[in-house]
Amino acid sequence: MASEHGPAPLAERLRARGLRLTPQREQVLAAVSALDHATPEAIGARLREQAGPGGAAPDTSTVYRTLELLERLGLVWHTHLGKGAPVYHSSEHPHLHVVCASCGDIASADPALLDQAAERLAADLGFTVDVGHVALSGTCRRCRESGTEQS
């Protein structure tokens, strides 16, 4: 049985837009799901590793184009976690990100933690928060307790 974001829903969403289900699209979506929070480069590296020395893997530009398409289809989200390329993750489980500025550890948090702030932003500014793209920077417990937090 296919998951909510497996090949069947992907094929349906593609057909609804007049597009085809290609092996590259399936591979990129599977890599995003397996890697959780991954840059396009990490996704491409995983696909090259899976293909092996003689196998064919999508090139970097195909990975980027496919990620953009999967995001337009609502299957993946990207988040900027600070410097560098955005990371991609499945949209199946919405979450916000907390990133340790000291060690770079990424944790996921329940988007409901921002409900009051989101309501306030909507009331005061008419601004709607997209929690799938939210990343909060700070210091994780391990770095704080070990005294390695960044100043």
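All of the points below concern the structure found in this document. Here the structure is a predicted model, which means the values were calculated and not measured. (Residues numbered from 1 in each chain as written. Predicted model: local features only at pLDDT ≥ 70, side-chain atom pairs only at ≥ 80, totals over all residues. Heavy atoms only, no water.)

## Considering the pairing of strand 4 (residues 106-109)
Point 1. Sheet analysis places strand 3 (residues 96-100) next to strand 4, joined by 4 bridges and oriented antiparallel. Its bridge partner lying in strand 4, V98 is registered against A107.
Point 2. Two successive antiparallel strands, strand 3 and strand 4, enclose a turn made up of 5 residues, where G104 displays a positive phi of approximately 85°. (Pairing = 2+ DSSP bridges. Helix = DSSP H or I, 4+ residues; strand = E, 2+ residues; numbered from the N terminus.)

## Describing helix 3 (residues 40-51)
Point 1. Here helix 3 spans 16 Å end to end across 12 residues, near enough to the 16 Å set by a 1.5 Å rise per residue.
Point 2. Along helix 3, the residues that are buried comprise P40, I43, G44 and L47. Down the axis of helix 3, the sector holding all buried residues measures 100°, keeping them to one side.
Point 3. Looking at the packing, one finds that the buried side of helix 3 touches helix 2 (23-35), helix 4 (60-72) and strand 2 (87-90). (Expected span 1.5 Å × (residues − 1). Buried < 20%, exposed > 50% of the residue type's maximum accessible area, 1.4 Å probe, protein only. Arc of directions from axis to C-beta. Contact = heavy atoms within 4.5 Å.)

## A word on the pattern of salt bridges
A side chain of one charge can pair with a side chain of the opposite charge if their charged atoms are brought near each other.
Point 1. Scanning the entire structure with this criterion turns up 1 salt bridge.
Point 2. Put simply, D124 and R120 hold a salt bridge, and the shortest N to O gap is 2.8 Å. Residue D124 and its partner R120 are both found in helix 5 (residues 115-125); the two are separated by 4 residues, about one turn of the helix. (Salt bridge = Lys/Arg side-chain N within 4 Å of Asp/Glu carboxyl O.)

## Thoughts on the environment of D110
Point 1. Tracing the backbone shows D110 in the loop between strand 4 and helix 5.
Point 2. At 2.9 Å, the side chain of D110 and the backbone nitrogen of A112 are in polar contact. (Polar contact = N/O pair within 3.5 Å; in protein donor to acceptor, adjacent residues only side chain to side chain.)

## Regarding the nonpolar core
Among soluble globular proteins, nonpolar side chains are generally buried collectively.
Point 1. One finds L10, V28, V32, I43, L67 and L70 to be the most contacted residues of the largest nonpolar core, which totals 17 residues.
Point 2. Residue assignment for this core shows that the elements contributing at least two residues are helix 1 (7-16), helix 2, helix 3 and helix 4.
Point 3. The residues touching L10, leaving out its near neighbours within four places in the chain, are L21, R25, E26, L29, L70, L73 and L75. (Core = buried A, V, L, I, M, F, W, Y, C linked by side-chain atoms within 4.5 Å.)

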